[in-house]
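Structural features, examined
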Amino acid sequence: MEATMDQTADMGRELLRHAVATVAYRGGKALRGAPESFATFRIGEATRAPAKLVAHMGDLFDWALSMSKGKQVWKDSEPLTWGQEVERFFGTLKAFDEYLATSEPLHCKIEKLMQGPVADALTHVGQLAMLRRVAGTPIRSENYSVAEIAAGRTGAQQNAAGREFD
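Report on the accompanying structure. (Residues numbered from 1 in each chain as written. Predicted model: local features only at pLDDT ≥ 70, side-chain atom pairs only at ≥ 80, totals over all residues. Heavy atoms only, no water.)

Here we take up the pattern of salt bridges. The tally for this structure, following the rule as stated, stands at 11 salt bridges. Among the ionic pairs, K52 bridges to D76, the shortest N-O distance being 3.3 Å. You can see K52 sitting in helix 2 (residues 50-68) and its partner D76 sitting in the loop between helix 2 and helix 3 (82-100), a full 24 residues away along the chain. E164 is the partner of R140 in a salt bridge, and the nearest nitrogen-oxygen pair spans 3.6 Å. Residue R140 is found in the loop between helix 4 (110-134) and strand 1 (141-142), and its partner E164 is found in strand 2 (residues 164-165); the two are separated by 24 residues along the sequence. For E164, a relative accessible area of 33% puts it in the partly exposed group. Through salt bridges with shared partners, a single ionic network connects K29, R140, E142, E164 and D166. (Salt bridge = Lys/Arg side-chain N within 4 Å of Asp/Glu carboxyl O. Helix = DSSP H or I, 4+ residues; strand = E, 2+ residues; numbered from the N terminus. Buried < 20%, exposed > 50% of the residue type's maximum accessible area, 1.4 Å probe, protein only.)

See the structure below:
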């Protein structure tokens, strides 16, 4: 049976919501338990500190929401305090996901949202995980294919890891 255009769009939207939840899960893991000093840790002059990475990730999801609403706006935010910036990041994920969960139209292609802000955020989550290791506060590796990730779960509190290893 062939899917209708509406069904295909709904499936794409749900897949995008799952990708956003994946950013929340993986981002939560990279951020959880990071000491306050991690916010300013840098491995070189040309690299972004974790607080700047998290601010940028929040900006990415503000941008994704604006793209979705048809009023594309980019803002390059200066980082808040570490705790405030982490909270802001999860708030932007939640706002974007809540919009995706509505029947409001998307004013850009799902593919553009995936290849732009969502993929960029996943790159930065990986950078944060790497920086945690270099800073001496590593996170445990995990088999993410068995993680309990669900569309709509976009907060800092996530399910426990399914299978971690060193």
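This part takes up the nonpolar core. Taken as a class, soluble globular proteins show a tendency for nonpolar side chains to be buried jointly. Counting residues in each nonpolar core, the largest one holds 36 residues, and the members touching the most others are F61, W82, F89 and F96. Considering every element that reaches this core, the biggest residue donor is helix 2, with 9 residues. Discounting residues that sit within four places of it in the chain, W82 has contacts with L31, A34, P35, E36, F38, A39, P50, A51 and V54. (Core = buried A, V, L, I, M, F, W, Y, C linked by side-chain atoms within 4.5 Å. Contact = heavy atoms within 4.5 Å.)

Glancing now at the packing of helix 2 against helix 3. Interaxial distance between helix 2 and helix 3 falls to 9 Å at its minimum, and their mutual angle equals 20°. When the axis of helix 2 is compared with that of helix 3, the two are roughly parallel. Where helix 2 crosses over helix 3, the two elements pack in a sense that is left-handed. For the pair helix 2 and helix 3, the contacting residues are P50, A51, V54, A55, M57, G58, D59, F61, D62, A64, L65 and S68 in the first and W82, E85, V86, R88, F89, T92, L93, A95, F96 and Y99 in the second. Among the residues forming the contact of helix 2 with helix 3, the class breakdown is 15 nonpolar, 3 polar and 4 charged. (Axes fitted to C-alpha atoms, helices over the stretch in contact; angles between N-to-C directions. Parallel < 35°, antiparallel > 145°, perpendicular 65-115°, else oblique. Left-handed = near helix turned anticlockwise from the far one by under 90°. Nonpolar A, V, L, I, M, F, W, Y, C, P; charged D, E, K, R; others polar.)

Summed over all chains, the structure comprises 5 aromatic pairs. A ring pair is formed by Y25 and Y144, whose centres lie 6.1 Å apart and whose planes are at 90°; its orientation type is edge-to-face. Highlighted residues: Y25 in helix 1 (residues 5-31) and Y144 in the loop between strand 1 and strand 2, separated in sequence by 119 residues. Looking at Y144, the relative accessible area reads 22%, which means it is partly exposed. Ring geometry for W63 versus W74: centroids 5.7 Å apart, planes at 90°, classification edge-to-face. Here W74 lies in the loop between helix 2 and helix 3 and W63 lies in helix 2, a separation of 11 residues in the sequence. Taking the relative accessible area as the measure of exposure, W74 reaches 39% and is therefore partly exposed. (Phe/Tyr/Trp six-rings, centres within 6.5 Å; stacked < 30°, edge-to-face > 60°.)

Think of two packed helices as two axes; the pair is described by the angle between the axes and how far apart they sit. Direction vectors running N to C along helix 2 and helix 4 enclose 165°, while the axes themselves pass 10 Å from each other. With respect to helix 4, the axis of helix 2 lies roughly antiparallel. Between helix 2 and helix 4 lies a crossing of left-handed hand. On helix 4, the residues touching P50, L53, V54, H56, M57, L60, F61, W63, A64, M67 and S68 of helix 2 are L113, G116, P117, V118, D120, A121, H124, V125, Q127, L128 and L131. Tallied by class, the residues present in the contact of helix 2 with helix 4 amount to 16 nonpolar, 5 polar and 1 charged.

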